[in-house]
Amino acid sequence: MQIIPAIDIIGGKCVRLTKGDYSKEVVYYEQPVDAAKAFEDAGFERLHIVDLDGAKSRTIQNLQVLQAVASHTRLIIDFGGGVTSIEDVSNVLNAGASIVTLGSIVVQHPGIVEEWFMEFGVEKFLMGADVLDRKIKISGWTQDGGMNILEFMGKILALGATRVFCTDISKDGMLKGPAFDLYKEIMAEFPAIGLIASGGVQDVADVIELKKIGCKGVIIGKAIYEGKISLSQLSKLNSDN
């Protein structure tokens, strides 16, 4: 299982929200590249970047952050938030991301996503499922996606995608543990899916439990920034996987 540090961006800064509430923004780094360098120095190879401004506005807003991180580190970056066109996909890849994260557009325009898979290759994409009370949320968690999580999983598998990260919004930023039951249900229904857990991780025990469930990865943000888990602890877990 791969441990993936996260950088969420608002106004060019590294922030974290609580339960997706934009009014509960806490800034951790004025320059996100400083956080990225710390992750790289600790031995991590992957990084998850979310353009929260872009996710909310449906237009990429913080491409310059991706460019800065990609030019100053060797991290394998997935980037998402506001990707709505084939030009956006090209811009994100050209800016230095290895993987483009897709969420809202998968729900609203699956046919377009299928075209992108054929153009760039499905391996260039990571699907994102943001969930509240088992229902998919879109547009920066502000709108109802009109389907439940299992319907979404079935949709992305039908498109040919197998890698997806799932965030339980009720757990995000709370530091009270991930949505273990939700992930167990997803893995039981779709055992072939490459599931990455996201949201709520508070300690090393959570990471170990997610691995036991069968998750292929875990995205961790606030627990790192709040000092609940040290980078050295996570780096050791990563090397043991």
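Here goes a summary of the coordinates provided. (Residues numbered from 1 in each chain as written. Predicted model: local features only at pLDDT ≥ 70, side-chain atom pairs only at ≥ 80, totals over all residues. Heavy atoms only, no water.)

### Observations concerning the nonpolar core
In a soluble, globular protein the nonpolar side chains are often hidden away together inside. Judged by nonpolar contacts, the single largest core of 71 residues is most densely connected at Ile7, Leu102, Tyr183 and Leu195. Counting residues per element, this core draws most heavily on helix H7 (residues 149-159), at five residues. (Core = buried A, V, L, I, M, F, W, Y, C linked by side-chain atoms within 4.5 Å. Buried < 20%, exposed > 50% of the residue type's maximum accessible area, 1.4 Å probe, protein only. Helix = DSSP H or I, 4+ residues; strand = E, 2+ residues; numbered from the N terminus.)

### Looking at the packing of aromatic side chains
Using the criterion set out here, one finds five aromatic pairs in the structure. With a centroid separation of 6.1 Å and an interplanar angle of 65 degrees, the aromatic rings of tyrosine 29 and tyrosine 225 are classed as edge-to-face. With tyrosine 29 in strand E3 (residues 21-29) and tyrosine 225 in helix H10 (residues 222-225), this pair connects stretches of sequence that are 196 residues apart. Residue classification places tyrosine 29 among the partly exposed residues on the basis of a relative accessible area of 29%. Among the residues examined, tyrosine 225 registers a relative accessible area of 14% and is labelled buried. By way of ring pairs, the aromatic residues Tyr28, Tyr29, Phe39 and Tyr225 are connected into one cluster. Above the plane of the ring of tyrosine 22 lies lysine 56, whose end atom (NZ or CZ) is 4.4 Å from the centre. (Phe/Tyr/Trp six-rings, centres within 6.5 Å; stacked < 30°, edge-to-face > 60°. Lys NZ or Arg CZ within 6 Å of the ring centre and 35° of its normal.)

### Some words on the side chain of threonine 167
Residue position: threonine 167 is located in strand E10 (residues 163-168). Residue classification places threonine 167 among the buried residues on the basis of a relative accessible area of 2%. Among the polar contacts made by the side chain of threonine 167, one reaches the side chain of serine 198 at a distance of 2.9 Å. The contacts of threonine 167, once residues within four sequence positions are left out, are Ala129, Asp130, Val131, Trp141, Asp172, Tyr183 and Ser198. (Polar contact = N/O pair within 3.5 Å; in protein donor to acceptor, adjacent residues only side chain to side chain. Contact = heavy atoms within 4.5 Å.)

### Overview of the state of the cysteines
In protein structure, a disulfide is the covalent linkage between the sulfur atoms of two cysteines. With the rule as written, the count across this model stands at zero disulfides. Between cysteine 215, a free cysteine, and cysteine 166, which holds the nearest cysteine sulfur, the sulfur-to-sulfur gap is 9.1 Å. The exposure class of cysteine 215 is buried, given its relative accessible area of 4%. (Disulfide = S-S within 2.5 Å.)

### Considerations on unusual backbone geometry
One non-glycine residue with positive phi stands out, namely lysine 19, at about 55 degrees. Relative to the elements of secondary structure, lysine 19 occurs in the loop between strand E2 (13-18) and E3. Of the residues examined, lysine 19 reaches a relative accessible area of 45% and is grouped as partly exposed.

### Quick look at the packing of helix H4 (residues 86-94) against helix H6 (residues 110-120)
At a minimum axis separation of 11 Å, H4 and H6 run at an interaxial angle of 45 degrees. The orientation of H4 with respect to H6, classified from their angle, is oblique. Viewed along their axes, H4 and H6 form a crossing whose handedness is right-handed. Contact residues: H4 offers Ile86, Val89, Ser90 and Leu93, while H6 offers Trp116, Glu119 and Phe120. Grouping the constituent residues of the contact of H4 with H6 by class yields five nonpolar, one polar and one charged. (Axes fitted to C-alpha atoms, helices over the stretch in contact; angles between N-to-C directions. Parallel < 35°, antiparallel > 145°, perpendicular 65-115°, else oblique. Left-handed = near helix turned anticlockwise from the far one by under 90°. Nonpolar A, V, L, I, M, F, W, Y, C, P; charged D, E, K, R; others polar.)

### Notes on helix H9 (residues 204-213)
Every buried residue of H9 is listed here: Asp206, Val207, Leu210 and Ile213. The buried side chains of H9 occupy one side of the element, clustering within an arc of 115 degrees when seen end-on. Looking at where H9 begins, the residue whose side-chain oxygen comes 3.2 Å from the main-chain nitrogen of alanine 205 is aspartate 203. Just downstream of H9, glycine 214 is the residue with a positive phi angle, here 115 degrees. (Arc of directions from axis to C-beta.)

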